[in-house]
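# Commentary on secondary and tertiary structure
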Amino acid sequence: MQTISCDVCKKKLDNSETNRDFFYYANHSICEPCRDNLEASIKPTIRTKEPFAVDWYNKLIGDSLDKAVQKGRI
Ligand SMILES: [Zn+2]
């Protein structure tokens, strides 16, 4: 059985849980709690952005995630 682990917190989940609990952002796999933390951490930044831009948002997620993976936490 293939095992996937969260790129940030390294928590492992097997395939049966993958669909429900895992998300893919910017080439990283992250678990649901880490996704929630990521969204919470960028929310204040998103509020300052007018008008909202999808490209900018995707880049923000990618950059934030790269940093989180390096640090091992969001
Ligand atoms: Zn995680």
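Just so it is clear, the structure is predicted and the values come from calculations on it, not from any experiment. Along each chain, numbering runs from 1 in the same order as the chain's sequence is written. Predicted model: local features are reported for residues with pLDDT of at least 70 only, side-chain atom pairs are reported and counted for 80 or more only, and whole-chain, interface and lining totals are derived from all residues.

## A short note on the overall build of the chain
Helix and strand labels come from DSSP, where a helix needs a run of H or I of at least four residues and a strand needs a run of E of at least two; each type is numbered from the N terminus. Helices and strands together make up the secondary structure of the chain, namely 3 helices and 4 strands. Reading the secondary structure of the chain in the N-to-C direction produces β-β-α-β-β-α-α. Three exposure classes are used. Buried residues have 20 or more other C-beta atoms within 10 Å of their own C-beta, exposed residues have 12 or fewer, and partly exposed residues fall in between, all C-beta atoms being placed from the backbone. Within the span of the chain, comprising 74 residues, buried residues form 15% of the whole. Contact criterion: two residues are in contact if their C-beta atoms, reconstructed from the backbone, are within 7 Å. For the chain, the share of sequence-separated contacts (at least 6 apart) that also reach a separation of at least 24 residues comes to 44%.

## Topic: the nonpolar core
It is characteristic of soluble globular proteins that their nonpolar side chains tend to be buried jointly. In plain words, the nonpolar core is the set of buried Ala, Val, Leu, Ile, Met, Phe, Trp, Tyr and Cys residues that C-beta atoms within 7 Å link up. If you look at the biggest cluster of nonpolar residues, it comprises 9 residues: C6, V8, I30, C31, C34, L38, L65, A68 and I74. Of all the secondary structure elements, the ones that give two or more residues to this core are β4 (28-31), α2 (32-47) and α3 (54-71). Apart from residues lying up to four places away in sequence, A68 is in contact with V8, L38, R73 and I74.

## Details of unusual backbone geometry
Going from E50 to P51, the amide bond is cis rather than trans, its omega being -10°. Relative to the helices and strands, P51 resides in the loop between α2 and α3. Notably, K10 is not glycine yet its phi reads approximately 70°, a positive angle. With respect to the element layout, K10 can be found in the loop between β1 (3-5) and β2 (12-14).

## Remarks on the pairing of β4
Here strand β3 (residues 22-25) pairs with β4 via 4 bridges, running antiparallel. Note that in β4 the partner of F23 across the bridge is I30. Two strands qualify as a pair provided that DSSP identifies no fewer than 2 bridges between them.

## A look at α2
Helix span, expected: 1.5 Å multiplied by one less than the number of residues in the helix. Spanning 16 residues, α2 covers 22 Å between terminal C-alpha atoms, matching the ideal 22 Å at 1.5 Å per step. Bend is computed residue by residue as the angle between axes fitted to the seven residues ending at the residue and the seven residues starting at it. If you look at α2, its biggest bend is around 30°, right at S41, and the proline P44 turns up within four residues after that. When we look at burial in α2, the residues that qualify are C34, R35 and L38. Looking at the buried residues of α2, the elements they touch are β3, β4 and α3.

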